[in-house]
Every structure is written in structure tokens, then in C-alpha cells.
Amino acid sequence: MCVIITIEKGQFPKYQTLKEAEILNAHGGSIAWLESGKINYQRGIKAKKIQELIDKRLKPNKVKTAIIHFRIASVGTINKDLCHPFPISEKVESKLKVEDSEYDVLFHNGTVSEWQTMLIDSLQKFSGQIPKGELSDSRVIAFLLNRH
């Protein structure tokens, strides 16, 4: 199961905590943060890069709220594009770095076993396009949240 670390009031974890989370879930890390009321994120990165972002951007800019995620590929391949978060949008684009997102984002911890059936059912009931690129349960859930 993935590791999700929430940061409130600027209480960031120590680097050792990030490294331990990465060792347990080595299929890609990411961080999303709220800065000046806007969501920003970087996906498919290592604990070292997350720590650099915390030290060089988040702390100096007095960011107080963030989410860190380390993925284990229970659904989908080991691929940076499948690291969370996913924008809750029609296309669920898999950009690895987003500044001032116009969309809320989804982190997910666990496995949704019937995600393919849920996707097919939604597309049969309401027309639309399957997002381009590789899919996972989490990416599909972000797509479905936008649709419904």
C-alpha cells in the first residue's frame, strides 16, 4: 500500500522519514502543495528531490500545507506517469510538474479492484473519451470523479 504523508502548519518530515517511505514504496514519489491559494505538484521524483523542494521553495515561501506520496505499483506498471496526484479533470493529464493547477488533485492509498468495470459503465452511460496514456485505478478514479 502506498505511503501518504500530510503536512499541516509547515511541519515537514525529516529527510530520514522520506527515505524510509521511499524504501518501502520505491515506485515513485511526489509532492503537492498549496502556495498562494494554488495547487502545485511534482510527480515521479525521489525523496532527495522532495527534500530539495521543501528546503528551497516550500519553507522559504512559507508553505504550510502539502501532501507527499510514495507509490507502490499495485495497479498499473512502474511508471512515473502513474505516480499520484492526478488532476480531477476530463483528460487527467499526466504532466510530471504542474504550477498553479486549475484542478483539484487526487491522492489514493489502496486499490480499487473494479476500476475497469467502473470506467466501462461510465462510458456506456455517458459519452466521452478514455484518457490517453497508461491507466491505473487511481488515474481512472480521478477521471470518474470529474465526470460524476
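On a predicted model such as this, the values are computed, not experimentally measured, just so you know.

How should I be thinking about the packing of helix α1 (residues 15-24) against helix α2 (residues 47-58) in this particular structure?
How two helices sit against one another is set out by the angle between their axes and by the gap between those axes. Relative to each other, α1 and α2 sit at 150°, their axes nearing to 9 Å. Considered as vectors, α1 and α2 are oriented roughly antiparallel to each other. Classified by chirality, the crossing of α2 by α1 is right-handed. Note on element contacts: α2 touches α1 through Ala 47, Lys 48, Ile 50, Gln 51 and Ile 54, opposite Tyr 15, Leu 18, Lys 19 and Glu 22.

Explain empty space enclosed by the protein to me, please; I cannot follow it from the model alone.
Space left empty within the atom packing is revealed by a probe, the size of a water molecule, rolled over the atoms. Within this structure, the stated rule accounts for 1 cavity of 30 Å³ or more. One number sums up the size of the largest cavity: a volume of about 60 Å³. Residue lining of the largest cavity: Cys 2, Arg 71, Ile 72, Ser 74, Val 75, His 84, His 108, Gly 110, Ser 136, Asp 137 and Ser 138, and that is the complete set. When its residues are assigned to classes, the lining of the largest cavity shows 3 nonpolar, 6 polar and 2 charged.

Got a minute to help me understand the environment of Val 75 in this structure?
Examined against the element boundaries, Val 75 turns out to sit in the loop between β4 (65-70) and β5 (86-87). Residue Val 75 is classed as buried on the basis of its relative accessible area, which comes to 14%. Taking C-alpha positions, Val 75 is 5.7 Å from Ser 136, a pair spaced 61 residues apart along the chain. When near neighbours in sequence (up to four residues on either side) are disregarded, Val 75 contacts Thr 111, Trp 115, Ser 136 and Asp 137.

How do you make sense of the environment of Glu 134 when you look at a structure like this?
Here Glu 134 shows up in the loop between α3 (115-125) and α4 (137-147). Using a relative accessible area of 30% as the deciding quantity, one classes Glu 134 as partly exposed. As a C-alpha pair, Glu 134 and Glu 52 span 82 residues in sequence and 29 Å in three-dimensional space. Dropping the residues within four chain positions of it, Glu 134 is found in contact with Gly 76, Thr 77, Asn 79, Leu 82 and Arg 139.

Looking at this model, I keep getting lost on the layout of surface pockets. Mind explaining?
Considered as a void within the structure, the largest pocket measures approximately 220 Å³ in volume. Around the largest pocket, the lining is made up of 13 residues, and of these Pro 87, Glu 93, Lys 95, Glu 102 and Tyr 103 lie nearest the centre. Residue composition of the lining of the largest pocket, by class: 4 nonpolar, 2 polar and 7 charged. As a volume, the second largest pocket reaches approximately 190 Å³. Residue lining of the second largest pocket: Glu 90, Lys 91, Glu 93, Gln 129, Ile 130, Pro 131, Lys 132 and Arg 139, and that is the complete set. Among the residues forming the lining of the second largest pocket, the class breakdown is 2 nonpolar, 1 polar and 5 charged.

What should I look at first to understand the nonpolar core in this one?
Across soluble globular proteins, you tend to see nonpolar side chains buried next to one another. Leu 18, Ile 31, Ile 50, Ile 54, Leu 58, Ile 68 and Phe 70 are the most contacted members of the largest nonpolar core, which has 18 residues in total. Elements with a contribution of two residues or more to this core: β1 (3-7), α1, β2 (29-35), α2 and β4. Those residues in contact with Ile 68, other than ones at most four positions away along the chain, are Val 3, Ile 4, Ile 5, Ile 7, Pro 13, Leu 18, Ser 30, Ile 31, Ile 50 and Ile 54. Grouped together as the second largest cluster of nonpolar side chains are 13 residues, Phe 86, Leu 135, Ala 142 and Leu 144 included.

Cut-offs and rules
- Residues numbered from 1 in each chain as written.
- Predicted model: local features only at pLDDT ≥ 70, side-chain atom pairs only at ≥ 80, totals over all residues.
- Heavy atoms only, no water.
- Axes fitted to C-alpha atoms, helices over the stretch in contact; angles between N-to-C directions.
- Helix = DSSP H or I, 4+ residues; strand = E, 2+ residues; numbered from the N terminus.
- Parallel < 35°, antiparallel > 145°, perpendicular 65-115°, else oblique.
- Left-handed = near helix turned anticlockwise from the far one by under 90°.
- Contact = heavy atoms within 4.5 Å.
- 1 Å grid on protein atoms, 1.4 Å probe; cavity = no way out; pocket = protein on both sides within 12 Å on 5 of 7 lines; lining within 4 Å.
- Points joined across faces, edges and corners; volume = space filled by probe spheres on them.
- Nonpolar A, V, L, I, M, F, W, Y, C, P; charged D, E, K, R; others polar.
- Buried < 20%, exposed > 50% of the residue type's maximum accessible area, 1.4 Å probe, protein only.
- Core = buried A, V, L, I, M, F, W, Y, C linked by side-chain atoms within 4.5 Å.

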